Amino acid sequence: MKTILITGTNGNVGSFLADYYANNNYCLHLLYHKSSTRLEKLISEHKNVYAKQCDLTSLDCVQKACEELRKESNTSPQLIVHTASKRSTDFSDLENSDSELWYEIIQSNLFSTYKLLKVNLPVLKEQDYGRIVLFGSNVSRIGLKKGTAYAVSKAGIANLSRSVAMELEEYNITINTISPGPIKIDDSHFSEEYREFRKTYYAKELEQIPKKRLAEGDDILHICKFLTSDSNSYISGEEFFVTGGKL
Ligand SMILES: NC(=O)c1ccc[n+]([C@@H]2O[C@H](COP(=O)([O-])OP(=O)(O)OC[C@H]3O[C@@H](n4cnc5c(N)ncnc54)[C@H](OP(=O)(O)O)[C@@H]3O)[C@@H](O)[C@H]2O)c1
């Protein structure tokens, strides 16, 4: 039985992926941030699911949570799927942006990814095995008007995976980034301002998507399953765009 560490598990994609892996004979190490409501059913129905609260912006917290998960489950992860991310919430052009918020988004998205890898790469190296999947966004290649911090953080994540892939060349470890376009999700819990931004932005995106629909959970799952499987021992450092054919 393989063990998979998943972050952002109270989020849309993280909870969807956790559900798949829990139902397919994996041991799960789950990290969530402020709330774990979406995980309650999963935890109550499966015995190999271990969850910890963790703020990924704190290196100490990442170290402690991952260590506790390994101790409690008596297993170390071979697979890592990092979905956690702070949404784009500045909605301002660069010159009017709030520099504190800009810094916070980079901290939450890019620097947290660095911390997660810093703590867990030695664990994978020790096993000489690992499949790592990071989450970017298609804004890494198209940019995001009034969302520069988010776009930059996502481009940084893709480059981090490219660079780390080279550092891992002598190990049976691959690292790749999935960069989705807009995903069809339940956004009822978001702020009105964010829902409004999403509505306008996504309607415009939809017009440009050749497949004429937003990405769905299964579109993300299929590529993630491949990248976390034994079938992928060769592809590493790549960025996979899940955008329905949109460049
Ligand atoms: N949904 C889309 O349309 C879309 C499009 C392109 C790319 N993506 C990318 O795909 C991934 C998954 O998206 P999603 O829709 O599942 O996002 P989501 O629903 O917003 O979930 C993200 C999760 O990350 C957690 N998180 C945020 N800051 C954290 C921190 N400092 N420490 C630990 N966890 C933290 C959040 O927890 P809290 O809420 O408790 O803070 C949340 O549960 C993300 O990387 C996103 O950028 C999504």
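Scroll up to find the structure.
Residues numbered from 1 in each chain as written. Predicted model: local features only at pLDDT ≥ 70, side-chain atom pairs only at ≥ 80, totals over all residues.

Caption draft 1: View of the overall build of the chain. The secondary structure content of the chain amounts to eight helices and seven strands. A compact globule built from 247 residues should have a C-alpha radius of gyration of about 18 Å, and the chain, at 17 Å, falls within 12% of that. Seen along its three principal axes, the alpha-carbon backbone of the chain occupies a region of about 45 × 40 × 35 Å. Counted over contacts in the chain with a minimum sequence separation of 6, partners at least 24 positions apart contribute 70%. (Helix = DSSP H or I, 4+ residues; strand = E, 2+ residues; numbered from the N terminus. Rg over C-alpha atoms; globule rule 2.2 N^0.38 Å. Contact = placed C-beta atoms within 7 Å.)

Caption draft 2: Focus on helix H3 (residues 59–73). Helix length check: H3 (15 residues) gives 21 Å between terminal C-alpha atoms against 21 Å at 1.5 Å per residue, within 8%. Within H3, the full set of buried residues consists of Val 62, Ala 65, Cys 66 and Leu 69. For H3, the angular spread of the buried residues around the axis is 95°, confining them to a single face. When the buried face of H3 is taken as reference, the exposed residues oriented beyond 90 degrees from it are Asp 60, Lys 71 and Glu 72. (Expected span 1.5 Å × (residues − 1). Buried ≥ 20, exposed ≤ 12 C-beta atoms within 10 Å, placed from the backbone. Arc of directions from axis to C-beta.)

Caption draft 3: Quick peek at the site of the ligand. Around the ligand sit 26 residues, and of these Gly 8, Gly 11, His 33, Lys 34 and Ser 85 come closest. Those elements that provide at least two residues to the shell around the ligand are helix H1 (12–22) and helix H4 (99–127). It is H1 that provides the largest number of residues to the shell around the ligand, a total of three residues. (Near = placed C-beta within 6 Å.)

Caption draft 4: Just the pairing of strand E2 (residues 27–32), in detail. Most of E2 is tucked away, with six of its six residues classed as buried. Side chains Cys 27, His 29 and Leu 31 of E2 all project onto a buried face; the interleaved residues Leu 28, Leu 30 and Tyr 32 project onto the opposite face, where all are buried too. Handedness of the crossover joining strand E1 (residues 3–7) and E2 through H1: right-handed. In this fold, E2 hands off to helix H2 (residues 40–45), which returns the chain to strand E3 (residues 49–53); that crossover is right-handed. (Right-handed = clockwise from strand over helix to strand, strands pointing away.)

Caption draft 5: Seen up close, the environment of Pro 77. Here Pro 77 is to be found in the loop between H3 and strand E4 (79–82). Accessibility expressed as a C-beta count within 10 Å gives 26 for Pro 77, which makes it buried. C-alpha of Pro 77 to C-alpha of Arg 131: the two residues are 54 residues apart in sequence and 9.6 Å apart in space. In contact with Pro 77, other than residues within four places in its own chain, are Thr 3, Ile 4, Leu 5, His 29, Asn 120 and Val 123.

Caption draft 6: The arrangement of the packing of H3 against H4 in detail. Where H3 contacts H4, the axes come no closer than 9 Å and their chain directions differ by 40°. The angle between H3 and H4 falls in the class oblique. For the element pair H3 and H4, the recorded crossing hand is right-handed. Contacts between H3 and H4 pair Leu 59, Val 62, Gln 63 and Cys 66 from the former with Lys 115, Leu 116, Val 119 and Asn 120 from the latter. (Axes fitted to C-alpha atoms, helices over the stretch in contact; angles between N-to-C directions. Parallel < 35°, antiparallel > 145°, perpendicular 65-115°, else oblique. Left-handed = near helix turned anticlockwise from the far one by under 90°.)

Caption draft 7: Examining the packing of H1 against helix H8 (residues 217–227) more closely. Where H1 contacts H8, the two axes come as close as 10 Å, and the packing angle between them is 60°. Here H1 is positioned oblique relative to H8, judged by the angle of their axes. Of the two possible hands of crossing, H1 and H8 adopt the one that is right-handed. Judged by residue contacts, Val 13, Phe 16, Leu 17 and Tyr 20 of H1 engage Gly 217, Ile 220, Leu 221 and Cys 224 from H8.

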